[in-house]
Amino acid sequence: MGKFRGWHILAGLAAMLLAGILGTAMGLNNTATVMASGVAFVAVSLWMESRISRRRSASRRLDADRAGQGAGPALDADASKHEG
């Protein structure tokens, strides 16, 4: 993915284009097509941004663990599986 920070915007634009094409093919009027395209843009861009953010934070956490600077052991809600 590199240093480019606009992947969520590009994914949203692609979803917006696809929703516009599908809305026109389904025979929706212009207002409905634009509204559907806008909703698709927001939904996909927010979803993509959260996925990218999760991946970056997991990568940072893994790098920190490899460097020996981890925040300690992860807390486990079910400690019974760790007991003898």
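Structure shown above.
Note that residues are indexed from 1 along each chain, following the sequence as it is written. Totals for whole chains, interfaces and linings use every residue, but because this is a predicted model, local features are given only for residues with pLDDT of at least 70 and side-chain atom pairs only at 80 or more, for both listing and counting. Processing note: side-chain calculations cover all non-hydrogen atoms of the structure and skip hydrogens and water entirely.

**Student:** Looking at this model, I keep getting lost on the side chain of S37. Mind explaining?
**Tutor:** Note that S37 resides in helix α2 (residues 30-66). For each residue, the accessible area found with a 1.4 Å probe, counting protein chains only, is set against the maximum for its type, and the residue is called buried under 20%, exposed over 50%, and partly exposed in between. Residue class for S37 comes out buried when judged on its relative accessible area of 6%. A polar contact of 3.3 Å, which involves the side chain of S37, links it to the backbone nitrogen of G20. Beyond its immediate chain neighbours, meaning those up to four positions away, S37 contacts M16, A19 and G20. Each helix corresponds to a stretch of at least 4 residues labelled H or I by DSSP, and each strand to a stretch of at least 2 residues labelled E; elements are numbered beginning at the N terminus. Here a polar contact is taken to be a pair of N or O atoms separated by no more than 3.5 Å, where protein atoms must pair a possible hydrogen donor with a possible acceptor and residues adjacent in sequence count only if both atoms sit in side chains. Any two residues having at least one pair of non-hydrogen atoms within 4.5 Å are treated as being in contact.

**Student:** Just checking my understanding: could you explain the packing of helix α1 (residues 7-25) against α2 for this structure?
**Tutor:** Think of two packed helices as two axes; the pair is described by the angle between the axes and how far apart they sit. Fitted lines through C-alpha atoms serve as axes, helices being fitted only where they are in contact, and the angles separating the N-to-C directions of these axes extend from 0 to 180 degrees. Contact pair α1 / α2: the axes reach a minimum separation of 7 Å and the direction vectors enclose 150°. As far as their axial angle goes, α2 and α1 are roughly antiparallel. The way α1 lies across α2 gives a crossing that is right-handed. The segment α1 lies against α2, with W7, H8, I9, A11, G12, L13, A15, M16, A19, G20, G23 and T24 engaging T33, A36, S37, G38, A40, F41, V44, S45, M48, E49 and I52. An angle below 35 degrees is read as roughly parallel, one above 145 as roughly antiparallel, one from 65 to 115 as roughly perpendicular, and any other as oblique. Crossing handedness is defined as follows: a turn of the near helix away from the far one that is anticlockwise and smaller than a right angle gives a left-handed crossing, while the clockwise case is right-handed.

**Student:** What is the right way to look at α1 in this model?
**Tutor:** Because each turn of an α-helix spans 3.6 residues, side chains separated by three or four positions end up pointing in the same direction. If you check α1, its first and last C-alpha atoms are 27 Å apart, about what 19 residues at 1.5 Å a residue would give, namely 27 Å. All of the buried residues along α1 are H8, G12, A15, A19, G20 and G23. Projected onto a plane normal to the axis of α1, the buried residues spread over an arc of 140° and lie on a single side. Of the exposed residues in α1, the ones pointing more than 90 degrees away from its buried face are L17, I21, T24 and A25. Contact partners of the buried residues in α1: α2. One or two positions beyond α1, positive phi appears at G27, with a value near 90°. Expected helix span is given by 1.5 Å per residue-to-residue step, counting one fewer step than there are residues. The directions from the helix axis to the C-beta atoms are what the arc is built from.

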